[in-house]
Amino acid sequence: VEQVTVIGAGLAGSEAAWQIAQRGVPVKLYEMRPVVKTPAHHTNQFAELVCSNSLRANGLTNAVGVLKEEMRMMDSLVIGSADRHAVPAGGALAVDRDGFSGEITRMLHEHPLVEVVNEEIQEIPTEGIVVIATGPLTSPALSAQIKELMGEEYFYFYDAAAPIVEKDSIDMSKVYLASRYDKGEAAYLNCPMNEEEFNRFYDALISAEVAELKEFEKEIYFEGCMPIEVMMKRGKQTALFGPMKPVGLVNPHTGELPYAVVQLRQDNAAGTLYNLVGFQTHLKWGEQKRVFQMIPGLENAEFVRYGVMHRNTFINSPKLLEPTYQFKSRPNLFFAGQMTGVEGYVESAASGLIAGMNAANLALGQDLFVLPKESTLGSMAHYITTADFKHFQPMNANFGLLPSLERKIRNKKEKNEALANRALESIQHFKEEKGLSTGK
Ligand code: FAD
């Protein structure tokens, strides 16, 4: 069987290599550390957690908890090791970081079908089956190569994203659907503010606490992509002539032009998620919740993703990738991890799991897998390959990415439970259908 090359032994690459080897296919796993370092990694170990030691919620009331359970069912190396090295963290799965990464490193080194090479890959191999999983801090030489392959406009070095909320959690009695001057089909949900509301919001926003920028991220603020709090600090009027401009957005509830608006734009094809237009921000997450819930209509908003402004290498997956994680114009080239526009440790490993299984299947001459959209694993692949390519931003696992239930359930907890059960059943069914016997 043809050997598969995996580049990068982070969260995604380690999981991909494991899945490939477990399917009986030999793997060559390239990792540049310790020969070449990244600005965030500190050890020589695989699957190093560069920041928090938490893999977030573990229960089935949270989408990332469901994702972990699905990964257990699919014999995930990353989640298996996390479970074995868990430390007390309430409802979250936090790990002893050295024990966790140490075990992953050892299991891959000891696997008879895995060959580890500590070397920086500077050029994308032109032959054979390749999985690129070099992460948000991909080395400059390889980044340049990927950029060339993708085309400049589909490759990004920074993630400057606005928060995203669940449509179900927006108070629709306060907001209204309209496009400026009624141009085209009404596309935005508008949250109107009077002068007093705007003043209060302004004061809260400019005094809210911002997250610390890493040294290597300091170059990030360029014109045209300014955090909303920085723009506001330039003067009270700046946002009123920018993203909060009310012109052409008469409120049909009152017949009047509001003093200011916050516009929400549909974020996924199913219309279950909306982003706050122009609100890319570097505020701390708790502060985003506090301040943005002051926006009329968003008092009870559920944030599926907070705004971020950080260094991140990722590609425009809606244009470039298949839900199998294959590059459209070269089917034996796979991408996995943060690079594909999934966000977070667990999501990165999850994409590595699917990319790895599919790379192995390709080597074995078998059909490739597209996981059911009802599963969180499948919903992420679906999202990154079908999102609006013009406004593509990386995404965490969340219930808003799953197709709606056939019957409407009003109670949020019950609804999430039903979504979680359906997701796990879909994976069980998928495994039976494909004759997969791995995992639980
Ligand atoms: P990585 O885990 O970074 O793995 C990529 C690997 O590829 C690395 O080992 C790297 O050394 C190697 N590599 C790079 N270029 C080459 C090359 N040319 N040749 C060979 N090897 C190469 N997510 C969370 O859920 N929680 C957090 O707290 C969190 N904090 C973060 C903090 C920072 C500073 C950053 C940048 C990201 C953070 N993330 C966090 C986001 C993300 O989940 C992690 O970055 C995650 O590690 C991504 O997994 P990955 O496999 O895509 O990349």
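Small disclaimer: the values here were computed from a predicted structure and weren't measured. Residue positions are counted from 1 within each chain, in the order its sequence is given. Thresholds applied to this predicted model are a pLDDT of at least 70 for local features of residues and 80 or more for the giving and counting of side-chain atom pairs; totals over whole chains, interfaces and linings are not thresholded and use all residues. Side-chain numbers come from the whole structure's heavy atoms, not from hydrogens or water.

Chemist: Please clarify how the pattern of salt bridges should be interpreted in this entry.
Modeler: Opposite charge on two side chains permits pairing when their charged atoms draw close. Criterion for a salt bridge: a side-chain nitrogen of Lys or Arg within 4 Å of a carboxyl oxygen of Asp or Glu. Taken as a whole and judged by the stated rule, the model has 18 salt bridges. Note that Lys415 and Asp168 form a salt bridge whose closest N and O atoms lie 2.4 Å from each other. Here the residue Lys415 occupies a position in helix 12 (residues 412–434), and Asp168 occupies one in the loop between strand 9 (164–166) and strand 10 (176–178), the gap between them amounting to 247 residues. Buried means the residue's accessible area, taken with a 1.4 Å probe over protein chains only, is under 20% of the maximum for its type, while exposed means over 50%, and partly exposed covers the values in between. Among the residues examined, Asp168 registers a relative accessible area of 52% and is labelled exposed. For the salt bridge of Lys413 with Glu417, the shortest nitrogen-to-oxygen distance reads 3.7 Å. In this pair, Lys413 and Glu417 both sit in helix 12, four residues apart, roughly one turn of the helix. Judged by relative accessible area, Lys413 falls into the exposed class, the value being 53%. One salt-bridge network, held together by shared partners, links Glu31, Arg33 and Glu48. Only DSSP runs of H or I covering at least 4 residues are called helices, and only runs of E covering at least 2 are called strands; the numbering of each starts at the N terminus.

Chemist: What am I meant to see in the site of the ligand here?
Modeler: Being near a molecule or strand, for a residue, means having at least one of its heavy atoms within 4 Å of it. The environment of the ligand is made up of 30 residues, and the closest members are Ala12, Glu31, Gln338, Gly344 and Tyr345. Polar contact is defined as a pair of N or O atoms within 3.5 Å, subject to the rule that within protein one atom must be able to donate a hydrogen and the other to accept it, and that residues adjacent in sequence are counted only when both atoms are side-chain atoms. Ser52 is positioned with one of its backbone polar atoms (N or O) 3.3 Å from an oxygen atom of the ligand. Within the backbone of Tyr345, an N or O atom sits 2.8 Å from an oxygen atom of the ligand. Values of accessible area rely on a 1.4 Å probe in the Shrake-Rupley scheme; residue burial ignores everything except the protein chains shown. With the chains in place, 93% of the 980 Å² that the ligand exposes on its own is no longer accessible. Residue assignment for the shell around the ligand shows that the elements contributing at least two residues are helix 1 (11–22) and helix 10 (345–364). For this scheme, ten residues count as nonpolar: Ala, Val, Leu, Ile, Met, Phe, Trp, Tyr, Cys and Pro. Four count as charged, namely Asp, Glu, Lys and Arg, and the remainder, Gly too, count as polar. The class makeup of the residues in the shell around the ligand is eleven nonpolar, 13 polar and six charged.

Chemist: Would you take a moment to explain the packing of aromatic side chains for this structure?
Modeler: The aromatic pairing rule takes the rings of Phe, Tyr and Trp, using the six-membered ring of Trp, and pairs them if the centres are within 6.5 Å, calling planes under 30 degrees apart stacked, those over 60 edge-to-face and the rest tilted. Enumeration according to the criterion identifies twelve aromatic pairs in this entry. With centroids separated by 4.7 Å and ring planes inclined at 35°, the aromatic side chains of Tyr156 and Phe314 adopt a geometry described as tilted. With a gap of 158 residues between them, Tyr156 in strand 8 (residues 155–161) and Phe314 in strand 15 (residues 308–315) connect regions that are remote in the sequence. Taking relative accessible area as the criterion, Tyr156 reaches 21% and is therefore assigned partly exposed. Take Phe314: its relative accessible area is 2%, and that puts it in the buried class. For the pair Phe369 and Phe430, a centre-to-centre distance of 5.3 Å together with 80° between the ring planes defines the contact as edge-to-face. In this pair, Phe369 sits in the loop between helix 10 and helix 11 (376–386) while Phe430 sits in helix 12, placing the two residues 61 residues apart along the sequence. Just as Phe369 is buried, Phe430 falls in that class too. Counted as over-ring charges are cases with an Arg CZ or a Lys NZ within 6 Å of the ring centre that also lie within 35 degrees of the ring normal. Here Lys319 stacks its cationic end above the ring of Phe389, 4.2 Å away from the centre of that ring.

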